[in-house]
Amino acid sequence: MALKITVIGTGYLGATHAAAMAELGFEVLGLDVVPEKIETLSRGEVPMYEPGLEELLRKHVAGLEGSTGRLRFTTSWQEVADFGDVHFVCVNTPQKHGEYACDMSYVESAFSSLAPLLRRPALVVGKSTVPVGSAARLARLLTGLAPAGEDVELAWNPEFLREGFAVEDTLHPDRIVVGVGGERAEKLLREVYATPIGEGSPFVVADYPTAELVKTAANSFLATKISFINAMAEVCEAADGDVVKLAEAIGHDERIGKKFLRAGVGFGGGCLPKDIRAFMARAGELGADQALTFLREVDSINMRRRAHMVELARESVGGSFLGQRVAVLGATFKPDSDDVRDSPALNVAGQIHLQGGQVTVYDPKGMDNARRLFPTLAYAPSALEACRGAHVVLHLTEWAEFRQLDPVAIADVVVEPRLLDGRNALDPAVWRAAGWTFRAMGRPQA
Ligand code: UDX
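It should be emphasised that the depicted structure is a prediction, and the values quoted were computed from it without experimental measurement.

In the region of the ligand, 20 residues are neighbours, and F160, E163, R262, F333 and K334 sit closest. A distance of 2.8 Å separates an oxygen atom of the ligand from a polar backbone atom of F160. One nitrogen or oxygen atom from the side chain of R423 is found 3.2 Å from an oxygen atom belonging to the ligand. Among the elements that make up the shell around the ligand, the one with the highest residue count is helix α10 (residues 208-239) (four residues).

Given below as structure tokens:
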């Protein structure tokens, strides 16, 4: 009989995972402790912007016209415990307030709510990003609390999905990593992921600590790669070099590769910044902090980018923001997402506002979230309106829409045609030809 799957925590990761499991043919029950989330998802609506996710949900949520009916949602732990052969824990682990470590309280509460109700054999699979060592501890907690005892097993299966590509990354992962304590868990997970494995996704079996570390190591590597190119951007600016050319040239070396070498205002979002900090905190607890001191530098190079963008903007308007209008194009931490968590774009906008600039922001999808986080900034309904009357325009999130802007039309509405490209995604030649003073991070000034 086909496995029955539950997904605990229906945020960004959980909602996508639940829909993907239904797409793979399983009966799926999703749980969240926030009833409004469950109501929204049960209507087939997604509370965030993620390409393709709403379509996938609608295809499977029970009760919707034409759906397969394989996906349902609940707030009942008992229902979840009774239903599932495999329970995926997808709750988030945000950075703790005022600390580097991550907050494990949602993970703890998911395990302690579920475990005492598990009366039949089950596999609990953690997907959340956790400090190394958590899985071994949670495995003990699980068998200790579950009435089914040793028949309840734990596996750790980190998630590598990227926002904006969540559905694609979940259905066609570039690798599946599982940390298991025994063969039964591995067998069950091979069954769950039979389709992507059949399509060629590598299936890597490891122990708990290695599986936990794979996730933080991967994100640390990506963060390091971005900070590396941003450090090169600093040097290029000092030496009058061009970081975009430099990245292209080193990227031809297959060992280096072209990806994740886009210099600019740096990385943000709900993962990379908090994951490298939590990794440093955990290494410190383990007595291995020296091994990760370089991540402190990766973090500070990254944070310096934001400050540098503010400086470039201040310089461009003559040394002070007072009385200056600044247009900010982009609010989300990356394009094709409405996520503004730790967004470099909004951080820069906020800093300029605090220094007396009049900032107007436009973003294709992130306006509501941005308004909630920075209610004191001004918001415009389009890029053109955000630029109206501006003394300088800042391009801070590389939405495709911004590459299609007409530099001539925008020049007509600004006070001064000055543009700072914080993402190295606009074509300097095109903007300069339209009369703009164009400056990009790590590139020569014309
Ligand atoms: C990341 C990892 O890529 C993913 O595997 C993991 O599961 C979660 O964290 P995500 O946070 O969605 O995914 O964003 P990602 O595409 O990695 O971008 C992170 C940040 O780096 C963004 O702010 C992006 O703008 C920035 N970035 C990316 C750069 O500044 N330069 C680059 O070359 C690439």
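Okay, back to it.
What follows deals with the environment of L31. Inspection of the secondary structure puts L31 in strand β2 (residues 27-31). Beyond its immediate sequence surroundings of up to four residues, L31 is in contact with V7, I8, G9, T10, I38, T74, T75, S76, W77 and V80.

What follows concerns the sheet that holds strand β9 (residues 325-329). Either a parallel or an antiparallel arrangement is found when strands of a sheet pair, and the pairing is made through backbone hydrogen bonds. If you trace the six strands from one edge of the open sheet to the other, you get β11-β10-β9-β12-β13-β14, paired in parallel fashion. Where the open sheet ends on each side, the last strands, each with one partner, are β11 (378-379) and β14 (437-440). Here strand β12 (residues 392-395) runs beside strand β13 (residues 418-421); their pairing, made up of three bridges, is parallel. Across the sheet, residue V393 finds its bridge partner in β13, namely L419. Where helix α14 (residues 344-354) meets the sheet, its contacts fall on β9, β10 (358-362), β11 and β12, and the angle it forms with β10 comes to roughly 160 degrees.

Turning our attention to the domain arrangement of the protein chain. As far as domains go, the protein chain holds domain 1 (4-206) and domain 2 (209-446). The distance between the C-alpha centroids of domain 1 and domain 2 comes to 32 Å. Each partner contributes to the interface: domain 1 provides 28 residues, whereas domain 2 provides 28 residues. Summed over both partners, the interface of domain 1 with domain 2 comes to about 2300 Å²; 62% of that surface belongs to carbon and sulfur atoms. Three residues stand out in domain 1 for area buried against domain 2, namely Y49, Y100 and V132, and they jointly supply 34% of the buried area on that side. Where domain 1 packs against domain 2, one counts one salt bridge. Between R341 and E163 there is a salt bridge, with the nearest N and O atoms lying 3.2 Å from each other.

Attention now goes to the pairing of β12. Taking every second residue as pointing to the same face, both faces of β12 are buried, with V392 and L394 on one and V393 and H395 on the other. Pairing of β9 with β12, which is carried by four bridges, proceeds in the parallel orientation. Among the inter-strand pairings, V328 is bridged to a residue of β12, identified as L394.

Before going further, it helps to examine the side chain of E50. Looking at the element boundaries, E50 is found in the loop between α2 (35-42) and α3 (53-60). Although E50 is buried, it makes no salt bridge; K334 carries the closest opposite charge, 7.4 Å away. A distance of 2.8 Å separates the side chain of E50 from the backbone nitrogen of G164, its partner in a polar contact. Ignoring anything within four residues of it in the chain, the contact list for E50 reads Y12, R162, E163, G164, F165, A166 and V167.

The UniProt record marks residues 327-428 with the feature "domain: UDP-glucose/GDP-mannose dehydrogenase C-terminal" (unreviewed entry), using the residue numbering of this structure. Between the first and last C-alpha atoms of residues 327-428 the distance is 18 Å; the span itself is 34% helix and 18% strand.

Attention shifts here to the packing of helix α1 (residues 12-23) against α3. Angle between the axes and distance between the axes are the two parameters that describe a pair of packed helices. Remark: α1 packs on α3, axes separated minimally by 9 Å, with the N-to-C direction vectors making an angle of 50 degrees. With respect to their mutual orientation, α1 and α3 come out oblique. Our pair here, α1 against α3, has a crossing hand that is left-handed. The residues of α3 that touch α1, namely those facing A15, T16, A19, A20, A22 and E23, are L53, L56, L57, K59 and H60. Across the contact of α1 with α3, the residue classes tally to seven nonpolar, two polar and two charged.

Glancing now at the packing of aromatic side chains. Here the structure, examined in full by the defined rule, presents four aromatic pairs. Considering the side-chain rings of F88 and Y193, the 6.4 Å spacing of their centres and the 65 degrees angle between planes classify their relative orientation as edge-to-face. With F88 in strand β4 (residues 86-89) and Y193 in the loop between α8 (183-192) and α9 (194-198), this residue pair connects regions lying 105 residues apart in the sequence. Like Y193, F88 is buried. Where Y362 meets F402, the ring centres are 6.1 Å apart and the plane angle is 70 degrees; that geometry is what we call edge-to-face. Residue Y362 is found in strand β10, and its partner F402 is found in helix α17 (residues 400-403); the two are separated by 40 residues along the sequence. There is no split in this pair, since Y362 and F402 are both buried. The ring centre of F165 lies 4.2 Å from the NZ or CZ of R162, which sits over that ring.

Here the focus is the UniProt feature "binding site: substrate" (unreviewed entry) in the protein chain. Within the UniProt annotation, "binding site: substrate" (unreviewed entry) is assigned to F160, L161, R162, E163, K215, F260, L261, R262, A263, G264, G268 and K334. With a sequence span of 175 residues, these residues are also far apart in the fold, their greatest C-alpha distance being 24.5 Å. Its place among the elements puts E163 in the loop between β6 (152-156) and α7 (166-171). Exposure remark for E163: the relative accessible area of 8% places this residue in the buried category. If near-sequence neighbours (up to four positions away) are discounted, E163 is found in contact with Y12, E50, F333, K334, S337, D339 and R341. With respect to the element layout, K334 can be found in the loop between β9 and α14.

With that settled, the discussion passes to the packing of helix α13 (residues 293-316) against α14. The contact between α13 and α14 brings their axes to 9 Å, and the two run at 50 degrees. By the angle between their axes, α13 is oblique relative to α14. Like other packed secondary-structure pairs, α13 and α14 cross with a definite hand, here right-handed. The residues of α14 that touch α13, namely those facing R306, A307, M309, V310 and A313, are P344, N347, V348, Q351 and I352. The residue inventory of the contact of α13 with α14, partitioned by class, reads seven nonpolar, two polar and one charged.

Rules and cut-offs
- Residues numbered from 1 in each chain as written.
- Predicted model: local features only at pLDDT ≥ 70, side-chain atom pairs only at ≥ 80, totals over all residues.
- Heavy atoms only, no water.
- Near = heavy atom within 4 Å.
- Polar contact = N/O pair within 3.5 Å; in protein donor to acceptor, adjacent residues only side chain to side chain.
- Helix = DSSP H or I, 4+ residues; strand = E, 2+ residues; numbered from the N terminus.
- Contact = heavy atoms within 4.5 Å.
- Pairing = 2+ DSSP bridges.
- Axes fitted to C-alpha atoms, helices over the stretch in contact; angles between N-to-C directions.
- Domains from an automatic or database assignment.
- Buried area = accessible area lost by both parts, 1.4 Å probe.
- Salt bridge = Lys/Arg side-chain N within 4 Å of Asp/Glu carboxyl O.
- Buried < 20%, exposed > 50% of the residue type's maximum accessible area, 1.4 Å probe, protein only.
- Lys, Arg positive; Asp, Glu negative; His and termini not counted.
- UniProt positions renumbered as here; feature names shortened; annotations may be inferred.
- Parallel < 35°, antiparallel > 145°, perpendicular 65-115°, else oblique.
- Left-handed = near helix turned anticlockwise from the far one by under 90°.
- Nonpolar A, V, L, I, M, F, W, Y, C, P; charged D, E, K, R; others polar.
- Phe/Tyr/Trp six-rings, centres within 6.5 Å; stacked < 30°, edge-to-face > 60°.
- Lys NZ or Arg CZ within 6 Å of the ring centre and 35° of its normal.

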